[in-house]
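Each chain is listed here by its residues.
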Amino acid sequence: MLSGKVARNLSLRSSSPWMRHLNSICSNGSSKAASGSSVVSLRRCLSSEASNWIPDVSLDTDVVHGGVVPCEKTGAILTPVYMSTTFVQESVDKYLEKGYSYSRTNNPTVKMLEEKVAKIENGYDSICVSTGMAATASCINAFMNTGDHCVITNCSYGGTNRICREQFMPLGMEFSFVDFTDPKNVEAAIKPNTKLIFSESPTNPTLTLADLDAISEIAQKHGILHVCDSTFATPYVCRPLDHGCDLTIQSLTKYYDGFNIGTGGALVAKTPELYERIKLIQNMHGNIMAPMTAFLMLQTMKTMGLRIRQQSASAMKIATFLESHPKVSKVVYPGLASHPQKELADRQHRDGLHGGMLWFDVKGDPIKLMDNIKRPWTLCENLGATESIITACAVMTHANMIREDRLKVGITDGFIRISVGIEDPNDLIRGLDDALNQL
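Thresholds, definitions, all that
Residues numbered from 1 in each chain as written. Predicted model: local features only at pLDDT ≥ 70, side-chain atom pairs only at ≥ 80, totals over all residues. Heavy atoms only, no water. Helix = DSSP H or I, 4+ residues; strand = E, 2+ residues; numbered from the N terminus. Buried < 20%, exposed > 50% of the residue type's maximum accessible area, 1.4 Å probe, protein only. Contact = heavy atoms within 4.5 Å. Areas by Shrake-Rupley, 256 points an atom, 1.4 Å probe, with all protein chains shown as cover. Core = buried A, V, L, I, M, F, W, Y, C linked by side-chain atoms within 4.5 Å. Axes fitted to C-alpha atoms, helices over the stretch in contact; angles between N-to-C directions. Parallel < 35°, antiparallel > 145°, perpendicular 65-115°, else oblique. Left-handed = near helix turned anticlockwise from the far one by under 90°. Phe/Tyr/Trp six-rings, centres within 6.5 Å; stacked < 30°, edge-to-face > 60°. Pairing = 2+ DSSP bridges. Polar contact = N/O pair within 3.5 Å; in protein donor to acceptor, adjacent residues only side chain to side chain.

Overview of the overall build of the chain
Counting its regular elements, the chain contains 18 helices and twelve strands. For the chain, the residues scored as buried account for 57% of the 439 residues in total. Considering only contacts in the chain between residues 6 or more positions apart, those separated by 24 or more positions represent 73%. Accessible surface, the chain: about 17700 Å² in total, of which carbon and sulfur atoms supply 54%.

A closer look at the nonpolar core
By size, the foremost hydrophobic cluster in this structure holds 81 residues, and its most contacted members are L113, I318, L322, L358, F360, I418 and L432. Tallying contributions element by element places helix α14 (residues 304-323) first for this core, with seven residues. Excluding anything up to four places from it in sequence, L358 contacts L207, A315, I318, A319, L322, V332, Y333, I416, R417, I418 and V420. Core analysis: the second largest hydrophobic core is formed by 29 residues, A137, I152, M173 and F175 among them.

Digging into the packing of helix α7 (residues 132-143) against helix α8 (residues 158-168)
The description of two helices packed together rests on the angle between their axes and the distance between the axes. It is at 10 Å that the axes of α7 and α8 come closest, and there the two elements cross at 45°. In terms of orientation, α7 and α8 fall into the oblique class. Crossing hand, α7 versus α8: right-handed. Contacts from M133, T136, A137, I140 and N141 of α7 reach α8 at G159, T160, I163, C164 and F168.

What about the packing of aromatic side chains?
The geometry of an aromatic ring pair is captured by the separation of the ring centres together with the interplanar angle, meaning the angle of the planes. One pass over the structure, following the stated rule, counts four aromatic pairs. Between W359 and F415 the ring centres are 4.1 Å apart and the planes differ by 20°, which places this aromatic pair in the stacked class. Here F415 lies in strand β12 (residues 415-419) and W359 lies in strand β9 (residues 357-362), a separation of 56 residues in the sequence. Take F415: its relative accessible area is 0%, and that puts it in the buried class.

Notes on the sheet that holds strand β5 (residues 225-229)
A sheet is described by the order of its strands in space; here seven strands give the open sequence β1-β7-β6-β5-β4-β2-β3, paired in mixed fashion. Each having just a single partner strand, β1 (125-129) and β3 (174-178) make up the two edges of the open sheet. The sheet shows a mean angle of 20° between the axes of neighbouring strands, direction not considered. Bridge count between strand β4 (residues 194-200) and β5: five bridges; the pairing is parallel. When the bridges of β5 are listed, I197 appears paired with H226. On top of the sheet, α7 reaches β1, β3, β4, β5, β6 (247-251) and β7 (265-269); it is set at about 155° to β6, its chief contact. With respect to the sheet, helix α12 (residues 272-285) is in contact with β1, β5, β6 and β7, its orientation differing from that of β1 by roughly 20°.

Quick look at the side chain of S199
Turning to its location among the elements, S199 is positioned in strand β4. The class for S199 is buried, based on a relative accessible area of 0%. Of the polar contacts made by the side chain of S199, one reaches the side chain of H226; its length is 2.6 Å. When near neighbours in sequence (up to four residues on either side) are disregarded, S199 contacts T153, F180, A210, L212, I215, H226, V227, C228 and D229.

A look at the pairing of β12
Where burial is concerned, most of β12 is hidden: five out of the five residues are buried. Here β9 pairs with β12 via five bridges, running antiparallel. Note on β12: the bridge partner recorded for D361 is F415. Here strand β11 (residues 389-392) runs beside β12; their pairing, made up of four bridges, is antiparallel. From the neighbouring strand, A392 faces β12, where its bridge partner is I416.

Following this line, the structure appears as structure tokens:
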């Protein structure tokens, strides 16, 4: 629940004529239409009787269907790709009666993905944008101004760290990079001008966890918004909004896509007020997703649950193998008993799943390991896909971090991040063993 202070600020922002106009075209369903919105949701074109569905379906069912139903006109089981810049209006009096005017503001295919993402993240609504970094930028742009302060994890995705330092700090925003493993550090860093607390759990790439319930309680106490980047977790492992967060960031490029096909990001809002703000920012910036990309992600995300379960099981098997390898000095995976936050992982992660990401520190030359690793391992910069990916973070994904900062958070020169795919884990272990034995 937002504090009264934050809610009042958002209410003032959303009371402008433009915001009221935007509200009228951003609604995502009958519950909002009933409250006075004039929009006709995509569900009017793609709807069926609610009585056709059994109540209270599981996440696995929602991730396949999630409001997407056969088209009344054609019976098509998939949401069509609406490759249209503009939408014809019947008359001035009926402007926006069908809910769409211009694809920068709303597109039917993209809107369906936004509704589906919000549904499985347990949010009110979401915006889907071009990349995960676009979602991160949208969040900071929406809720911070010159002179505002953000308490942010000291170990985040390298691009997040860079945009805070290289773009937002020169604009007069303040960022305190803090160890989020202890919520007391977060509260101690709060200032009178703090407007945002930015968590990442698990962190990329060190896999440290933030106690989202405890940090959300701190945020609410001080009237501050709490956003969590949950890309590594996915809604199958953890849904931050269930733990008191106000906003969730997802890089849809990763586990939502899962097939190395497209790029995308999502910012999910817990309340109508927060959604109105991020939707306005999206519309002003033109930070959108292409309809074809949205269509593909509507399909690929259907297998997310199957993939996450396989990837989690394989990651645990590989992590256990690496712990006993003589060329490995350290292995970190939230499912291992040796993880320093194992109790929090078991409490905060859903259904005993801990995801497909792990890392290890190699004894020897990490570049040689990268050069010697054989397929099915793939040397590239991505994660969460069906293909298993291996990355030397110090020279690849986090090369833009200041070396001193990188070492402080544990990203050593020998730090190897692996994203476990859906291949046979025994084949993946053989590939790792062969490359490690050559060091």
